[in-house]
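Summary of the model geometry
Listed below are the residues making up each chain.
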Amino acid sequence: MNMHTDLVFQIKKGIKEKRHLHAEIEIIFVIEGQVKVEIKDTEYKLEAEDIILINSSIMHSLECEDEAIICYVQYPYQMFSKIIKNANCIFSCNSVSNTEHPYEELRNIFHELIYHDVQQLHRTDCLKNSLLYKLLDYLIENYILEDHMENMNKVDDDVRLQQIITYVNSNFQYKMSLFSLAEELYVSTSTLSRFFRKQTGIYFTDYVKQVRMRYAMQDLLYSDANITKIAVDCGLSNPSAFNRVFRDVYGISPSGYRKKMQKSSKKKESEEQAFREKIRQELKEKELIERKLLLSGKIILNVDAEQGSYYEKNWNKVVNISSVYNLTFANLQSHTLLLKEHLGFQYVRLWNVFSQNLMITDGKRIGNYNYNKIDGVLDFLVSHHIFLFLDFGKRPDTAMKMVGKSVFRVEECIEFQSREIWEAMLKDFLYHIINRYGKEEVSRWIFEFSCDCDRIQIRENRYYLDENYDYFNAFQYAYKEIKTILPNMQVGGPMGFCASEPSFLKRFLSLCKEQGCIPDFLSFVLFPYEIKVENEIVVRNYATKETFEIDSIKAIRNIMKEMKVEDCKLYIVEWNNSLSSRNYLNDSCFRAAYIARKMSEIWNLVDLICIWVGSDWVSSYYDTVKIANGGNGLLTKDSIRKPAYFALQFMKDLGEYLIEKGENYIITRNQKNDYYLLCFNFKWYGYKYFLKEEYLETPDMIEGVFDDNNPLELNIIFNNMPTDLLFAINKKTINNNEGSILSEWKKFQYDDLQDNDVKYIEKTCFPRMSMEKKMVMNGKMDIKVTLQEHEVTLLHIYEYNKV
């Protein structure tokens, strides 16, 4: 008997099976719909993705809804007994009742089995059989109940029945009797007979007969052995005895059965193939067969190259630069122009508009404003066709080592002594910029009036001094004043960690609706910190949940829906993986992969995403003397491009039409035969990272942050490509070994560098590039990429015209 041919894997729809038992171990996986499985006297209701294992020789029944689709696997007893010594073992695998075990790995194996069975990509069943053995191995290693056979006196009925079934299936070729089995189990013949009849509903001798005939039937169908050999192999002394027993069970002679089944086999095979094709089409139409297959570090994905929907790149419109004052310096101006030219940013976001350093006024009087310094900044931006996103809120000039610990902190904004003085200043500034740059130009700018919800009662955070200060009054005045003069300008707020302060946001929106000043956009910052209030002190802890970003956005969207302001735009005005500007993860490939992964998750949930921050100059201080210092910038002070910079550059180069995106890829196209595939192998933090201080003082500390450093294999299959055309595939890669500032700096042992060394690293910190050519065959192109930990790769696939 061939063990491989006896492996059973079937996909069925709407099947129903009455109570029965068999020696085979059976595993059921629900693809769609609801299924009822009754095991002994307990009923389980299964839904999509549920898994249940039915142990050998256990009475059970199965009832699927008419539209329910399942797949099931059966392992024959003989095969199982050769694989595992204790063939009487019991499995506990039931995703409905036993949730202690993780079931994702089992689901992944089933997904791959279904995928290959339906797609029929391989000529043989070798891969399918290997997956079935992998499934069995995983079950044996993780779901066997240990030590259930320690004492025969303690064996329950299930195990006792399994022993009997095992004995029959192991010895059906030989002469056997109930007496010999009873002796082996140390019970009387009458006791064993009653037990078996009670458990199965049939007599022992009849069951032995059924088992022998079942094996005989398989040999008749699937072998060329003669009747005599089959009779002997099934434990019967001669062909006449075999003929008599077979006729008793099936109502036909063995030779007659073989002849009949050979005639009908082609028709049956044709019917089964038609049914199989029907199920295959149904799975494809409903997209129940996984187009994405993730298993053991490998993703297989089928995409339609002709598909694609237009999307908006909302991540490369605005970049956070600095306070207005800091942009008076040439180094930051140079970085601003570099980011505009190479990453395509149209707006720069600046804050602390009314800084003491700009010397506009002292905040104690109305009139006689000095706009010389701020005009220099605005002139620079306007002359280079860069639009302004101005945040009028107040914040300190600071650099954070970690939450709650600053490297330096200076309050730099003007303290306006009254509401009237602040309002007069704002109004005059509006008329000044309109007179200087014109309404058309200024109308394209974006004004934000932010409020740090955590610091709302702190004097330095208020727009002006007032015993009855209310942030809403400042916003309302600014909104109405601006809209009176510039009705098309975008005005919004309130920024802050809005998701953690729902009561503040709800009050703000309620007042806006009452006073007719609903903002054009709601702004908020998105850094992965959970905010709690302990003893009236606001505490920020690094979020351990990988879905923090999505959850925060959904929380704000729910508030907007509740307050009936769904039409209001939602802007993430500051976003990064960390608030710390002394964390070498900011300089690493981790941040590049983080940006790519999280961007693929959230870009369609918001209207604008502003990266924090453009340049390391914004957090420069006495301690930033090395070539990299863990700053939040996309560029170092020496203008070296970090991996995060290249992640954004890759995303800028993506096509206009989105074909598909997922956890590790974004696939786009432009016009016909021009495709862009962005791949990334993002890894989440290991648990040890959350037990330490957030900042990483040296680059070497990064190695202990992640538990998973395994590579990822991507296999993208483009369908509906033009046949017999030659394509070029340009590849750009940034990873821990290629093009990363930390990997290049490591070659210098992270030491202080001379100017020539810095220039060398600046020139080497670029993605590795390569090109290959590939011919499209039968409308398919198969792209395979292996990604290192935190690697980000961009593939540009285009028709190659040989000159």
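**Considering the overall build of the protein chain**
- When helices and strands are counted, the protein chain shows 21 helices and 33 strands.
- Across the 803 residues that make up the protein chain, the buried fraction comes to 54%.
- Partitioning the intrachain contacts of the protein chain with sequence separation of at least 6 by distance along the chain shows that 75% fall at a separation of at least 24.
- When the accessible surface of the protein chain is totalled, it reaches about 37,000 Å², and 46% of it is carbon and sulfur.

**Observations concerning the sheet that holds strand β30 (residues 726-734)**
- Spatially, β13-β26-β27-β28-β33-β30-β31 is the arrangement adopted by the seven strands of the open sheet, whose pairing is antiparallel. Taken across any chain shown, the strands that pair with only one partner, and hence form the sheet edges, are β13 (309-310) and β31 (768-775).
- Inspection of the sheet shows β30 paired to strand β33 (residues 792-799) by eight bridges, in the antiparallel sense. Bridge pairing links Ile-729 to Ile-797 in β33.
- Sheet strands touched by helix α19 (residues 643-652): β27 (665-669), β28 (674-680), β30 and β33. Its angle to β30, the strand with the most contacts, is close to 155°.

**Re the sheet that holds strand β6 (residues 51-54)**
- An order of β1-β8-β3-β6 is seen for the four strands of this open sheet, with the pairing classed as antiparallel. The sheet terminates laterally at β1 (8-13) and β6, the two strands that pair on one side only. Neighbour-to-neighbour, the strand axes of the sheet open up by a mean angle of 20°, direction not taken into account.
- In the sheet, strand β3 (residues 25-32) pairs with strand β8 (residues 69-75) via seven bridges, with the strands oriented antiparallel. Paired with Val-30 across the two strands is Ile-70, which belongs to β8.

**A word on unusual backbone geometry**
- Gly-493 connects to Pro-494 through a cis peptide bond whose omega is 0°.
- Of note, the bond from Trp-612 into Val-613 is cis; its omega dihedral lies within 30 degrees of zero at 10°.
- With respect to the element layout, Val-613 can be found in the loop between β25 (608-611) and α19.
- Although it is not a glycine, His-790 sits at a positive phi angle of roughly 65°.

**Here's the deal with the confidence of the model for the protein chain**
- Within the protein chain, residue pLDDT values average 86, and 90% of them lie at 70 or more.
- Taken together, the stretch residues 147-155 has pLDDT below 50 and engages in 14 contacts with residues farther than four places along the chain or on a different chain.

**So, the layout of surface pockets**
- Estimated volume of the second largest pocket: approximately 950 Å³.
- Looking at the second largest pocket, it is lined by 42 residues, and the ones nearest its centre are Thr-398, Met-400, Arg-409, Asp-452 and Leu-579.
- Those elements giving two or more residues to the lining of the second largest pocket turn out to be β14 (318-323), β17 (396-402), β18 (405-411) and β23 (537-542).
- With five residues, the top contributor of residues to the lining of the second largest pocket is β17.
- Residues belonging to the lining of the second largest pocket are distributed by class as follows: 17 nonpolar, 14 polar and 11 charged.

**What to know about helix α6 (residues 189-200)**
- Along its 12 residues, α6 runs 16 Å from first to last C-alpha, staying within 8% of the 16 Å computed at 1.5 Å per residue.
- Count one or two residues on from α6 and you reach Gly-201, which has phi positive near 85°.

**So, the side chain of Ser-639**
- Structurally, Ser-639 is set in the loop between β25 and α19.
- Classification of Ser-639 by relative accessible area gives buried; the value is 19%.
- In this structure the side chain of Ser-639 is engaged in a polar contact, spanning 2.9 Å, whose partner is the side chain of His-335.
- Ser-639 has contacts with His-335 and Glu-762, leaving out every residue within four places of it along the chain.

**Concerning helix α11 (residues 330-343)**
- When the terminal C-alpha atoms of α11 are compared, their 20 Å separation across 14 residues agrees well with the 20 Å that a helix rising 1.5 Å per residue should span.
- Summarising the contacts, the buried residues of α11 are in contact with β14, β15 (347-351), α12 (372-383) and α19.

**So, the environment of Pro-528**
- Summarising the element assignment, Pro-528 is placed in the loop between β21 (521-526) and β22 (529-534).
- Of the residues examined, Pro-528 reaches a relative accessible area of 2% and is grouped as buried.
- As for Pro-528 and Ser-578, which are separated by 50 residues in sequence, their C-alpha atoms are 7.0 Å apart.
- Excluding anything up to four places from it in sequence, Pro-528 contacts Asn-541, Tyr-542, Ala-543, Phe-548, Glu-549, Asn-576, Asn-577, Ser-578 and Tyr-594.

**Some details on the state of the cysteines**
- Taken as a whole and judged by the stated rule, the model has zero disulfides.
- Unpaired in terms of disulfides, Cys-589 finds its nearest cysteine sulfur in Cys-765, a separation of 9.8 Å.
- According to the relative accessible area criterion, Cys-589 is buried, its value standing at 1%.

What counts and what doesn't
- Residues numbered from 1 in each chain as written.
- Predicted model: local features only at pLDDT ≥ 70, side-chain atom pairs only at ≥ 80, totals over all residues.
- Heavy atoms only, no water.
- Helix = DSSP H or I, 4+ residues; strand = E, 2+ residues; numbered from the N terminus.
- Buried < 20%, exposed > 50% of the residue type's maximum accessible area, 1.4 Å probe, protein only.
- Contact = heavy atoms within 4.5 Å.
- Areas by Shrake-Rupley, 256 points an atom, 1.4 Å probe, with all protein chains shown as cover.
- Pairing = 2+ DSSP bridges.
- Axes fitted to C-alpha atoms, helices over the stretch in contact; angles between N-to-C directions.
- pLDDT = per-residue confidence, 0-100.
- 1 Å grid on protein atoms, 1.4 Å probe; cavity = no way out; pocket = protein on both sides within 12 Å on 5 of 7 lines; lining within 4 Å.
- Points joined across faces, edges and corners; volume = space filled by probe spheres on them.
- Nonpolar A, V, L, I, M, F, W, Y, C, P; charged D, E, K, R; others polar.
- Expected span 1.5 Å × (residues − 1).
- Polar contact = N/O pair within 3.5 Å; in protein donor to acceptor, adjacent residues only side chain to side chain.
- Disulfide = S-S within 2.5 Å.

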